[in-house]
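Analysis of the macromolecular model
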Amino acid sequence: MGQAELVVVANRLPVDRDADGGWRTSPGGLVTALEPVMRTVDGAWVGWPGQAGLEVEPFDFEGTHLVPVSLSADEVEEYYEGFSNDTIWPLYHDVIAAPRYRREWWNAYRKVNERFADAAAAVAAPNATVWVQDYQLQLVPQLIRERRPDVTIGYFHHIPFPAYGLFAQLPWRRQVIEGLLGADVIGFQRTADASNFARAVHRQLRYETRASGIRVPREDGTSRVVLAKAFPISIDTPTYLEMAARPDIRERAAQIREELGNPAKILLGVDRLDYTKGIRHRMKAFGELLRDGRLSVENATLVQVASPSRERVAAYVQLRDEIELMVGRVNGTYDTMEHTAIRYLHQSFPREEMVALYLAADVMLVTALRDGMNLVAKEYIASRLDNKGVLVLSEFTGAADELGSAIRINPHDIEGLKDAIMQAIDMPAAEQSRRMRKLRKRVQDHDVQDWSHTFLGALKTAREANAS
Ligand code: G6P
């Protein structure tokens, strides 16, 4: 048994390896959310160091004990690229791309989930709390419970949970549900995700599901209650407020506008290059607005940051080709010597540059076809200290449940999307400010610290209820 009172288990470690073999924090929201908690308790983080075949001994990094789980090249292919990102990812995002069901991938997923569970079980102190993150590790809650019945187990699902009619396609649907039910609390982004899960449990296992929780029978004839509920994740708002106020970042924002040839309006999209994000839909709408003469490259430029992601998975390779063909077509048709229609960047940028882009953008386009939350929407809002700028937000994101003052769109409705873009471009300053104030209040009242605090609080309550 180990010493860690709080163990986070996630597919990735919260650090990246740099060129000379050292480690750097990867500045994700989850890392920031857990940093203060990890500092006050004895914390450990179990995760993959991000490179195939890399074997590293556990080490301490900025107050947290890091426990690397190594993956062979075959495991990266079958567990990470295969089952996680070519089976579960498309299935859980409403089959936007076709999921592939391969038995070898499932076997690798099971085996790797066991390895994560072994590592977590070994590092957890008696009666510790273990918090498992996301779809790559759905079997881990149950596997940990088998190994360590003394610990409290939380699981948070960062992506959507699909309707039963889709979920039922999964050949291993029952095992996945049983794996998740090993947790004491299962957190989802939206209430709809939690309901979809409860329905899947009911259909598959016939367990009693109520708002107070799901009753899971134990082997000794008693039962325990598993809470499945929405805990919408957020961003590290204070950091964004600070960055947005920094003179160097504000200057950079002005420079970006200058470098784009001072278009009257800058539209912005920021996404991982993923088929769930609706990047093509947004480019189609923008291209048609140029074609119809409702916009011109002198008065509007679309900046699209599409950061490289999962580049060996076929659906991502194909998507990149489609998008780059489209960018080439639109730009080839409408660019002038001075102005470009779409400034496309297949690159990743540091957070400071992202905030500068948010400050430069008059309109933020979030057109996801399905998205667990979409933190980019929240980052944009948090950065707009001036209460200017307009968020166009797909109703198929978790964020849409919270951000009612954005312009809501259905990205499949290209005519509606075009009208929404024009409405955003033409929106009077007073209305921008009225909407932005409401949006900003939401991300200030609910940041990621608040999220982790609420989740861990619910976990503590659940533990006490099941113990009594
Ligand atoms: C989504 C998932 C995360 C994942 C991230 C980046 O946000 O919910 O679990 O880490 O995408 O994807 P990657 O495959 O690079 O880890």
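Residues numbered from 1 in each chain as written. Predicted model: local features only at pLDDT ≥ 70, side-chain atom pairs only at ≥ 80, totals over all residues. Heavy atoms only, no water.

Remarks on the overall build of the protein
On a plain count of helices and strands, the protein comes out with 16 helices and 18 strands. For a compact globule of 468 residues, the expected C-alpha radius of gyration is about 23 Å, and the protein comes in at 23 Å, within 12% of that figure. The C-alpha extent of the protein, read off along each of the three principal axes, is 70 × 45 × 45 Å. Residues classed as buried in the protein amount to 58% of the 468 residues present. Long-range pairs, those at least 24 residues apart, make up 74% of the contacts in the protein between residues at least 6 apart in sequence. A total accessible area of about 19200 Å² is found for the protein, and carbon and sulfur atoms account for 48% of it. Here the protein contributes 57 positively and 64 negatively charged side chains, and the mean placements of these two sets differ by 6 Å. (Helix = DSSP H or I, 4+ residues; strand = E, 2+ residues; numbered from the N terminus. Rg over C-alpha atoms; globule rule 2.2 N^0.38 Å. Buried < 20%, exposed > 50% of the residue type's maximum accessible area, 1.4 Å probe, protein only. Contact = heavy atoms within 4.5 Å. Areas by Shrake-Rupley, 256 points an atom, 1.4 Å probe, with all protein chains shown as cover. Lys, Arg positive; Asp, Glu negative; His and termini not counted. Charge placed at Lys NZ, Arg CZ, Asp CG, Glu CD.)

What about the sheet that holds strand S11 (residues 213-217)?
Strand order in the open sheet formed by 10 strands is S5-S6-S4-S1-S7-S8-S9-S12-S11-S10, and the pairing between neighbours is mixed. A strand with exactly one partner marks an edge of an open sheet, and here the two such strands are strand S5 (59-61) and strand S10 (209-210). Relative to strand S4 (residues 43-48), strand S1 (residues 4-12) is paired through 5 bridges, and the arrangement is parallel. Paired with Leu-6 across the bridge in S4 is Gly-43. Helix-sheet contacts for helix H16 (residues 448-467) involve S1, strand S7 (124-133), strand S8 (152-156), strand S9 (185-188) and strand S12 (223-230), and the interaxial angle to S7 is about 130°. (Pairing = 2+ DSSP bridges. Axes fitted to C-alpha atoms, helices over the stretch in contact; angles between N-to-C directions.)

Points about the packing of helix H10 (residues 279-291) against helix H11 (residues 314-334)
Where H10 contacts H11, the two axes come as close as 11 Å, and the packing angle between them is 15°. Comparing the axis directions of H10 and H11 gives the class roughly parallel. Between H10 and H11 the crossing geometry is left-handed. Counting all contacts with H10, which are made through Ile-279, Arg-280, Met-283, Lys-284, Gly-287, Leu-290 and Arg-291, the residues of H11 involved are Leu-319, Glu-322, Ile-323, Met-326, Val-327, Val-330 and Tyr-334. Partitioning the contact of H10 with H11 into residue classes produces 9 nonpolar, 1 polar and 4 charged. (Parallel < 35°, antiparallel > 145°, perpendicular 65-115°, else oblique. Left-handed = near helix turned anticlockwise from the far one by under 90°. Nonpolar A, V, L, I, M, F, W, Y, C, P; charged D, E, K, R; others polar.)

With respect to the side chain of Gln-204
Inspection of the secondary structure assignment puts Gln-204 in helix H7 (residues 191-205). Of the residues examined, Gln-204 reaches a relative accessible area of 15% and is grouped as buried.

Concerning the site of the ligand
The full set of residues close to the ligand is Arg-12, Tyr-80, Asp-134, Tyr-135, Gln-136, His-158, Ile-159, Arg-272 and Arg-310. A distance of 2.5 Å separates an oxygen atom of the ligand from a polar atom in the side chain of Asp-134. When the free accessible area of the ligand is taken as 380 Å², the share hidden by the protein chains comes to 69%. (Near = heavy atom within 4 Å. Polar contact = N/O pair within 3.5 Å; in protein donor to acceptor, adjacent residues only side chain to side chain.)

Remarks on the packing of aromatic side chains
The way to describe two aromatic rings as a pair is by their centre distance and the angle between their planes. Enumeration over the complete set of coordinates arrives at 23 aromatic pairs. Summarising the aromatic geometry, the rings of Trp-23 and Phe-59 are spaced 5.2 Å apart at their centres and angled 25° between planes, so their arrangement reads as stacked. Note that Trp-23 is positioned in strand S3 (residues 23-25) and Phe-59 in strand S5, a separation of 36 residues in sequence. Ring geometry for Tyr-92 and Phe-167: centres 6.1 Å apart, planes at 55°, overall tilted. With Tyr-92 in helix H2 (residues 73-92) and Phe-167 in helix H5 (residues 164-167), this pair connects stretches of sequence that are 75 residues apart. (Phe/Tyr/Trp six-rings, centres within 6.5 Å; stacked < 30°, edge-to-face > 60°.)

Things to note about the domain arrangement of the protein
Think of interface size as the accessible area that goes away when the parts come together; that is how it is often given. As assigned here, the protein comprises domain 1 (4-233 + 449-467) and domain 2 (237-445). Once you take the C-alpha centre of each, domain 1 and domain 2 turn out to be 31 Å apart. Contact between domain 1 and domain 2 buries roughly 1800 Å² in total, counting both sides, with carbon and sulfur atoms accounting for 57%. On inspection of domain 1 and its partner domain 2, the count reaches 2 salt bridges. A salt bridge links Arg-312 to Glu-81, with the nearest nitrogen and oxygen atoms 2.8 Å apart. No other element matches H2, which puts 7 residues into the side of domain 1 that touches domain 2. Grouping the constituent residues of the side of domain 1 that touches domain 2 by class yields 12 nonpolar, 4 polar and 5 charged. (Domains from an automatic or database assignment. Buried area = accessible area lost by both parts, 1.4 Å probe. Salt bridge = Lys/Arg side-chain N within 4 Å of Asp/Glu carboxyl O.)

A word on the sheet that holds strand S17 (residues 390-394)
Hydrogen bonding along the main chain pairs the strands of a sheet, whether they run parallel or antiparallel. The strand order S15-S14-S13-S16-S17-S18 describes an open sheet built from 6 strands, whose pairing is parallel. Both edges of this open sheet fall to strand S15 (342-345) and strand S18 (407-409), since each of them pairs with a single strand only. Recorded for the sheet is a direction-independent mean angle of 20° between the axes of neighbouring strands. In this sheet, strand S14 (residues 300-307) lies alongside strand S13 (residues 265-272) in parallel orientation, the contact comprising 8 bridges. Directly across from Lys-265, in S14, lies its bridge partner Ala-300.

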